[in-house]
Amino acid sequence: MTRASLDKQPHEVASMFDDVAERYDLTNDVLSLGQTRLWRKAVDRAVGARPAERVLDLAAGTGTSSVPFARTGAYVVPCDFSTGMLREGKKRQPWLPFTAGDAMKLPFRDGVFDAVTISFGLRNVQDTDAALAELYRVTKPGGRVVICEFSHPTWAPFRTVYTEYLMRALPPVATAVSSNPDAYVYLADSIRAWPDQPALAVLLQRAGWQKVAWRNLTGGIVALHRGTKPAA
């Protein structure tokens, strides 16, 4: 079994997700106490995919996050660098065009997508700035980005309880339901090390995105960041 370190070597992260692919969605539902489904709905509304639009769903894993976009009539491309996740996704949603790709060097031309989104994946990329620049590159002028990622709870007492959950409760729960519990020790470490909401907004602006804003979900456990690529 593989546990990535916080220097986030791509081959280590990809191998770690290969190990957990089969039970990944179930484990996330259990660990989040069912909140992942609400978060996916929030992402779907924020992206606002429309018929005939092209949507890139980066770090799509098994494609669970991509299905709502496809249902609107948009052409969605689920992209991930874990071949294990892609194989599992293809078994579940064989009609989706799963594509292997690294967030730091996407296999798409400039200005292809009307909307780009990444949920719970940006935190696992070795170079956040490079990934945000790549998302910007493949987005059409006037297009939009939506990032859903773990963040920092805004209420201090709740933040303390949440941190205790990550440190103490998450590893034993993961041991019970996951095929690779060590991967969820990395998960807890990477969440604690991740920038807060304003800091991620600055990174988006630095990559060229405009009208950057965010809103908190579940008290700031998760934040939904949005931005727009300037029109030509």
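Residues numbered from 1 in each chain as written. Predicted model: local features only at pLDDT ≥ 70, side-chain atom pairs only at ≥ 80, totals over all residues. Heavy atoms only, no water.

Quick word on the sheet that holds strand β2 (residues 75-80)
Okay, so step 1: The strand order across the open sheet built from seven strands is β3-β2-β1-β4-β5-β7-β6, with neighbouring strands paired in mixed fashion. The open sheet terminates on both sides in strands that have one partner only, identified here as β3 (99-100) and β6 (210-217).
Okay, so step 2: Two elements, strand β1 (residues 54-58) and β2, share five bridges in a ladder whose sense is parallel. Bridging from a neighbouring strand, R54 pairs with Y75 of β2. (Pairing = 2+ DSSP bridges. Helix = DSSP H or I, 4+ residues; strand = E, 2+ residues; numbered from the N terminus.)

Quick notes on the pattern of salt bridges
Okay, so step 1: Per the counting criterion, the structure on display carries nine salt bridges.
Okay, so step 2: Linking E53 and R144 is a salt bridge whose minimum nitrogen-to-oxygen distance equals 2.7 Å. Placement of E53 in the loop between α3 (35-47) and β1 and of R144 in strand β5 (residues 139-150) is noted, with a sequence separation of 91 residues between them.
Okay, so step 3: Judged by relative accessible area, E53 falls into the buried class, the value being 8%.
Okay, so step 4: In this structure, R206 and D129 form a salt bridge, with 2.9 Å as the shortest nitrogen-oxygen distance. Residue R206 is located in helix α9 (residues 197-206), and its partner D129 is located in helix α6 (residues 128-137); the two are separated by 77 residues in the primary sequence.
Okay, so step 5: Among the residues examined, D129 registers a relative accessible area of 35% and is labelled partly exposed. (Salt bridge = Lys/Arg side-chain N within 4 Å of Asp/Glu carboxyl O. Buried < 20%, exposed > 50% of the residue type's maximum accessible area, 1.4 Å probe, protein only.)

Some points on a positive patch on the surface
Okay, so step 1: A cluster of basic residues, K41, R45, R215 and R226, forms a positive patch at the surface.
Okay, so step 2: Looking at the secondary structure, you find R45 in helix α3. (Patch = residues over 30% accessible without salt bridge, like charges linked within 9 Å, V, L, I, M, F, W, Y side chains within 5 Å. Areas by Shrake-Rupley, 256 points an atom, 1.4 Å probe, with all protein chains shown as cover. Lys, Arg positive; Asp, Glu negative; His and termini not counted. Charge placed at Lys NZ, Arg CZ, Asp CG, Glu CD.)

Description of the side chain of D114
Okay, so step 1: Its location among the elements puts D114 in strand β4 (residues 113-119).
Okay, so step 2: Exposure remark for D114: the relative accessible area of 16% places this residue in the buried category.
Okay, so step 3: A distance of 2.8 Å separates a polar side-chain atom of D114 from the backbone nitrogen of R54.
Okay, so step 4: Within the structure, D114 has its side chain in polar contact with the side chain of K140 (distance 3.4 Å).
Okay, so step 5: Excluding residues within four positions of it along the chain, D114 makes contact with E53, R54, T139, K140, G143 and R144. (Polar contact = N/O pair within 3.5 Å; in protein donor to acceptor, adjacent residues only side chain to side chain. Contact = heavy atoms within 4.5 Å.)

Concerning the side chain of R123
Okay, so step 1: Within the element layout of this structure, R123 appears in the loop between β4 and α6.
Okay, so step 2: Engagement of the side chain of R123 in a polar contact is seen with the side chain of E149, the distance being 2.4 Å.

Section: the packing of α6 against α9
Okay, so step 1: Two numbers describe how α6 lies on α9: the axes approach to 9 Å, and their chain directions differ by 50°. The angle between α6 and α9 places the two elements in the oblique class. Considering only the axes of α6 and α9, their crossing is right-handed. Taken together, the residues of α9 that come into contact with α6 (itself represented by T128, D129 and L132) are L203, L204 and R206.
Okay, so step 2: A breakdown of the residues in the contact of α6 with α9 according to their chemical character gives three nonpolar, one polar and two charged. (Axes fitted to C-alpha atoms, helices over the stretch in contact; angles between N-to-C directions. Parallel < 35°, antiparallel > 145°, perpendicular 65-115°, else oblique. Left-handed = near helix turned anticlockwise from the far one by under 90°. Nonpolar A, V, L, I, M, F, W, Y, C, P; charged D, E, K, R; others polar.)

By themselves, these figures tell us nothing about what the structure is for.
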